[in-house]
Amino acid sequence: MNDAGPVEETPTSDGLDLSPFRGLRYDPDRVGSISAVTSPPYDVVVRPDGLLHLESADPHNIVRLILPQDADPAARNQQAADTLRRWLAEGVLAVDAEPGLYVYEQRDGSILQRGVIGALRLSEAADGVVLPHEDVMPHIVADRADLMRATSANLEPLLLTYRSNGGATGAAAVVERVTERAPLLSTTTEDGFSHRLWAVTDPAELAGIRTDLHRHQALIADGHHRWATYLRLRAEHPSPSAWDHGLVLLVDTARYPLRVRAIHRLLNRLPPAAARAALTGLFRVREVRAPLAEALDALAGAAAEGNAFLLAGDGTFHLVDRPAPDLLARTVPADRPEPWRTLDAAVLHATLLEHVWGIPEDSPEHIAYIHDTAATVEKAERDGGTAVLMHPVREEVVRELARQGVKMPRKSTSFGPKPATGLVLRTLTL
């Protein structure tokens, strides 16, 4: 697919409907620091040591709400609900006095991202307002729904993108003007990103943002499972209700392009030697005698010419590319458009996982999805599994497939920077 530049979306009378809400935020006087109570999104916190690190950073870290720990699922969700109620009663979390939208800024060196957090009216994919680009795993949606149902809260914003014409008008003008004021909060997390948050409560500024956004459609960049959860819970509650909306961060990528990274696979029960042996005669397999960074460069070079993957797990790297054409012809679904059929993730799931390795993609026992490259390799080497490292897909490819109504294989992309969890929450009962 050709690499297209930013395209202004066609105005629609049924575009994005972003509403103000009374944000639920930490009282900085009741916690060690705002930084210490934040967390990455729930699905990025995958390593037990990372979870323990967050729990020990501050007794009020948000991870105790988004990833409560108990062997029994019902007890986990009840624990999160009890914790949220206790923190509200103790004043650790407090609801802002006025409803508003929130301008959110993330900065790290050359990366600057600004967007607007609000309560977005939910819509189905067929409506063409919010475009999903990935399939979801039912057990994760069920898990998130149980948690959200128990807490009656949107605990972390989804990351959605839209494309303006790049001009400093409408929502963009309000965002730029607001960031010249003193923020509600300013903190730097341990990953080096600085975060600032402002409330927008002025009626004229709110109208400027909402009117502009109503002209656009959005792409779900991060949070497909939570969006599916929003839709499931909306169906459970008679409309109108607070469940008709969900917490999102909207970023104009014409002004603030997102970084797109891959999500890697960890095949827990497949040893690297067995993974490579099964590829004989089906793919070209070459050992890459280099550190991880150079091995990833080799992957990028091979991915520019066709489907390519990097296998790790036994102290070596192996570049897998040049799949046999007849193998792809008989394993990749022929009823999908060509851009989908040539995706690395499509070939991985349809050809490698299903037909070559015989691994069920819905089983957490067999496969894990990990964002951090080094962590994927380390865990594979520690546990004896196979790490399958992926090359990222361009945002333009993702957006064009989404506009065609074509979903990519699950966990195909990782857009970022992702919003920090814990800066602003939305309760559905206060």
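Caption draft 1: Representation of the pairing of strand β11 (residues 218-222). Of all 5 residues in β11, 5 are buried, a share of seventy percent or more. As paired elements, strand β6 (residues 130-131) and β11 share 2 bridges and run parallel to each other. Along β11, the bridge assignment pairs Val 130 with Ala 218. Pairing analysis gives 3 bridges linking strand β8 (residues 158-162) to β11, with the strands arranged antiparallel. Within β11, the position partnered with Leu 159 by the bridge is Asp 222.

Caption draft 2: Local environment of the side chain of Glu 205. Take Glu 205: it is sitting in helix α7 (residues 203-213). When neighbours within four sequence positions are excluded, Glu 205 is seen to be in contact with Val 174, Arg 177, Val 178, Arg 181 and Val 200.

Caption draft 3: Looking closely at the confidence of the model for the chain. Across the chain, pLDDT averages 92, with 96% of residues at or above 70. When the criterion is pLDDT under 50, residues 1-13 qualifies, and its contacts beyond four places in sequence or with other chains add up to 29 contacts.

Caption draft 4: Fine view of the pairing of strand β19 (residues 386-389). Residues Thr 386 and Val 388 point to one face of β19 and Ala 387 and Leu 389 to the other, with burial holding for every one of them. Taken together, the 3 bridges between strand β14 (residues 264-267) and β19 define a ladder with antiparallel strand orientation. In the strand pairing of β19, Leu 266 is matched with Ala 387. Bridge analysis of strand β16 (residues 308-312) against β19 gives 3 bridges, and the strand direction is antiparallel. Its bridge partner lying in β19, Leu 311 is registered against Val 388.

Caption draft 5: Here's a closer look at the packing of helix α5 (residues 138-151) against helix α8 (residues 224-236). As a packed pair, α5 and α8 sit with axes 9 Å apart at the nearest point and diverge in direction by 60 degrees. As judged from the angle between their axes, α5 and α8 are oblique. Considering only the axes of α5 and α8, their crossing is right-handed. Residue-level contacts link Ile 140, Val 141, Ala 142, Arg 144, Ala 145, Met 148 and Arg 149 of α5 to His 225, Ala 228, Thr 229, Tyr 230, Arg 232, Leu 233 and Glu 236 of α8. Per-class residue counts for the contact of α5 with α8 are 8 nonpolar, 2 polar and 4 charged.

Definitions and limits used
- Residues numbered from 1 in each chain as written.
- Predicted model: local features only at pLDDT ≥ 70, side-chain atom pairs only at ≥ 80, totals over all residues.
- Heavy atoms only, no water.
- Buried < 20%, exposed > 50% of the residue type's maximum accessible area, 1.4 Å probe, protein only.
- Helix = DSSP H or I, 4+ residues; strand = E, 2+ residues; numbered from the N terminus.
- Pairing = 2+ DSSP bridges.
- Contact = heavy atoms within 4.5 Å.
- pLDDT = per-residue confidence, 0-100.
- Axes fitted to C-alpha atoms, helices over the stretch in contact; angles between N-to-C directions.
- Parallel < 35°, antiparallel > 145°, perpendicular 65-115°, else oblique.
- Left-handed = near helix turned anticlockwise from the far one by under 90°.
- Nonpolar A, V, L, I, M, F, W, Y, C, P; charged D, E, K, R; others polar.

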